[in-house]
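Chain by chain, the residues:
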Amino acid sequence: MTGSRVVALGHYQPAKVLTNADLAAIVDTSDEWIVSRVGIRTRHVGGPDEPVDELAAHAAAKALASAGLSPGDIDMVLVATSTAIDRSPSMSARVAARLGMGSPALMDINVVCSGFTHALATADHAVRAGAASRVLVIGADKMADIADWSDRSTCVLLGDGAGAAVVVADEGDAAELPGIGPVLWGSVPGMGRAVRIEGTPPRFAQEGQSVYRWATTQLPPIARKVCERAGVAPEDLGAVVLHQANLRIIEPIARKIGAVNAVIARDVVDSGNTSAASIPMALSKLVERGEISTGAPVLLFGFGGNLSYAGQVIRCP
């Protein structure tokens, strides 16, 4: 059985930056209130002429260029998103068309904030099964489109962006750390309504305290089990990239995992919560800045909507 690995990454954000001061002009909040509760200082928001598939295509093009591949080399496109308004063409089809691809398999995956790690596992499984050889995995969301700008508890969280990874077959030594380790995924369906995107037009809402308690108490042991499945001790991790939900969630989880030597992604400070885009975008930035060594083990762990989660340890490209 052939494994898989991530060989390149790319990310993209709209040019417009929305600061906490900007938000204070439209809703009852302040920079101090936002920073103290969620740690976010800025977020990027796209305009009406910047659809989700455009954000995704920009990130994908960067990842392909970094991998030295052309769009025609890709035989599967997976897009994790929860902000696609139209049912068809799918987001993956729209991205493939924008990039001028040939005839790849296409699939959208909606697991909200843990969408990218679910999609990455799906890509790994497809390669291992021999169903694909080069997969483009994208997380892209335009959360500003579904924000309730009158609700200061949620609108301050959200931002727009996209991140992409190129996954290829890996014939590496079986004794080495797998390029993409085994996934551990699951959910708490009975609490699924704690994070919602509902209505016409759709709007984001959540039960913040319920999500905070679940994330900070239930998820650290699961994240440690992801490391165990990969055969990596938490103290040997080179980086930890959690879903960028809220700095007050990220830091306690990272501490409880025991990744004492790892770089901890904190892109939420500058980008806000970008849902499925948050993990690939944060990872791409860390790699671009040279903060993680090539080949280092990196824990990716997504969680959130549906109260679902998925994580794996990968080798840094």
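Rules behind the numbers
In this numbering scheme, every chain counts its residues from 1 along its sequence in written order. Only residues with pLDDT of at least 70 get local features here, since the model is predicted, and only at 80 or more are side-chain atom pairs given and counted; chain-wide, interface and lining totals rely on the full set of residues. Calculated side-chain values reflect all of the structure's heavy atoms, with hydrogen atoms and water omitted. Strands were regarded as paired on the criterion that DSSP finds at least two bridges between them. The numbering of helices and of strands both runs from the N terminus, where a helix is a DSSP run of H or I of at least 4 residues and a strand a run of E of at least 2. Every angle, taken between N-to-C directions, lies between 0 and 180 degrees, and every axis is a line fitted to C-alpha atoms, over only the stretch in contact when it is a helix. Throughout, a contact is declared for two residues whenever any of their heavy atoms are within 4.5 Å. Any carboxyl oxygen of Asp or Glu within 4 Å of a side-chain nitrogen of Lys or Arg constitutes a salt bridge here. Exposure classes here rest on a 1.4 Å probe applied to the protein chains alone. A residue is buried below 20% of its type maximum, exposed above 50%, and partly exposed in between. When an angle is under 35 degrees it counts as roughly parallel; over 145 it counts as roughly antiparallel; between 65 and 115 it counts as roughly perpendicular; any other value is oblique. Take the far helix as your reference; a near helix turned counterclockwise from it by less than a right angle gives a left-handed crossing, and one turned clockwise gives a right-handed crossing. The nonpolar class holds Ala, Val, Leu, Ile, Met, Phe, Trp, Tyr, Cys and Pro. Asp, Glu, Lys and Arg form the charged class, and all remaining residues, Gly among them, are polar. Pairing of aromatic side chains here covers Phe, Tyr and the six-membered ring of Trp, requires ring centres within 6.5 Å, and sorts the geometry by plane angle: under 30 degrees stacked, over 60 edge-to-face, intermediate tilted. Two conditions define a charge sitting above a ring: the NZ of Lys or the CZ of Arg must be within 6 Å of the ring centre, and it must be within 35 degrees of the ring normal. A right-handed crossover is one whose linking path, passing over the helix from the first strand to the second, runs clockwise when the strands point away from the viewer.

Visitor: How would you explain the sheet that holds strand β7 (residues 160–170) if you had to name every residue and give the values?
Guide: With mixed pairing, the five strands of this open sheet are ordered in space as β1-β7-β6-β4-β5. Both edges of this open sheet fall to β1 (3–12) and β5 (105–109), since each of them pairs with a single strand only. Here the strands of the sheet are splayed against their neighbours by 20° on average, with no regard to which way each runs. Pairing geometry for strand β4 (residues 76–80) and β5, over five bridges, is parallel. In the strand pairing of β5, A80 is matched with I109. Across the face of the sheet, helix α3 (residues 52–67) comes into contact with β1, β6 (134–142) and β7 while running at roughly 125° to β1. On the sheet, helix α5 (residues 115–128) packs against β1, β4, β5, β6 and β7 and is oriented at approximately 165° with respect to β6.

Visitor: I'd like a rundown of the pattern of salt bridges, residues and numbers included.
Guide: Side-chain pairing between opposite charges can occur once the charged atoms of the two side chains come close. Counted under the stated rule, the structure contains 13 salt bridges. The partner of D170 in a salt bridge is R315, with the nearest N and O atoms 2.6 Å apart. Note that D170 is positioned in strand β7 and R315 in strand β14 (residues 308–315), a separation of 145 residues in sequence. With a closest N to O distance of 3.0 Å, R266 and E251 form a salt bridge. With R266 in the loop between β12 (263–264) and α9 (268–271) and E251 in helix α8 (residues 247–257), this residue pair connects regions lying 15 residues apart in the sequence. The exposure class assigned to R266 is partly exposed, which follows from its relative accessible area of 40%. Judged by its relative accessible area of 33%, E251 is partly exposed.

Visitor: Give a detailed account of the packing of helix α7 (residues 208–230) against α8, specifying residues and quantitative values.
Guide: Between α7 and α8, the shortest axis-to-axis distance is 9 Å and the interhelical angle comes to 30°. Relative to α8, the element α7 is oriented roughly parallel. Crossing of α7 against α8: the hand is right-handed. In this structure, α7 uses Y212, A215, T216, L219, P220, A223 and R224 to contact α8, whose residues at the interface are R248, I249, P252, I253, K256 and I257. In terms of residue class, the contact of α7 with α8 is made up of nine nonpolar, one polar and three charged.

Visitor: A description of the environment of G3 should follow, citing residues and the corresponding values.
Guide: Counting through the fold element by element, G3 comes out in strand β1. Classification of G3 as buried rests on a relative accessible area of 12%. As for G3 and H125, which are separated by 122 residues in sequence, their C-alpha atoms are 8.4 Å apart. Non-local contacts of G3, meaning those with residues more than four positions away in its chain, are made with V127, R128, V168, A169 and D170.

Visitor: Account for the sheet that holds strand β13 (residues 297–304), naming residues and giving values.
Guide: Strand order in the open sheet formed by five strands is β8-β14-β13-β11-β12, and the pairing between neighbours is mixed. Each having just a single partner strand, β8 (184–187) and β12 make up the two edges of the open sheet. Relative to β14, β8 runs antiparallel, the two being bridged by four bridges. Of the residues in β14, the one forming a bridge with L184 is G311. α5 rests against β8, β13 and β14 of the sheet, and its axis sits at about 55° to β14.

Visitor: Lay out the packing of aromatic side chains in plain terms, naming residues and giving numbers.
Guide: Scanning the entire structure with this criterion turns up two aromatic pairs. For the pair F301 and F303, a centre-to-centre distance of 6.2 Å together with 40° between the ring planes defines the contact as tilted. The cationic tip of R248 hangs over the ring face of Y212; the distance from NZ or CZ to the ring centre is 5.2 Å.

Visitor: Residue-level account of the pairing of β4, with values.
Guide: Extensive coverage of β4 is indicated by the burial of five of its five residues. The alternating pattern of β4 places M76, L78 and A80 and V77 and V79 on opposite faces, both of which are buried. Taking the sense of rotation as the criterion, the β-α-β connection linking β4, helix α4 (residues 91–99) and β5 turns out right-handed.

Visitor: Describe the packing of α3 against α4, and please don't skip the residues or the numbers.
Guide: Taken N-terminus to C-terminus, the directions of α3 and α4 make an angle of 55°; their axes are 9 Å apart at the nearest point. One way to sum up the angle between α3 and α4 is to call them oblique. In terms of crossing hand, the pair formed by α3 and α4 is right-handed. Residue-level contacts link V52, D53, E54, A56, A57, A60, A61 and L64 of α3 to M91, R94, V95, R98 and L99 of α4. A breakdown of the residues in the contact of α3 with α4 according to their chemical character gives nine nonpolar, no polar and four charged.

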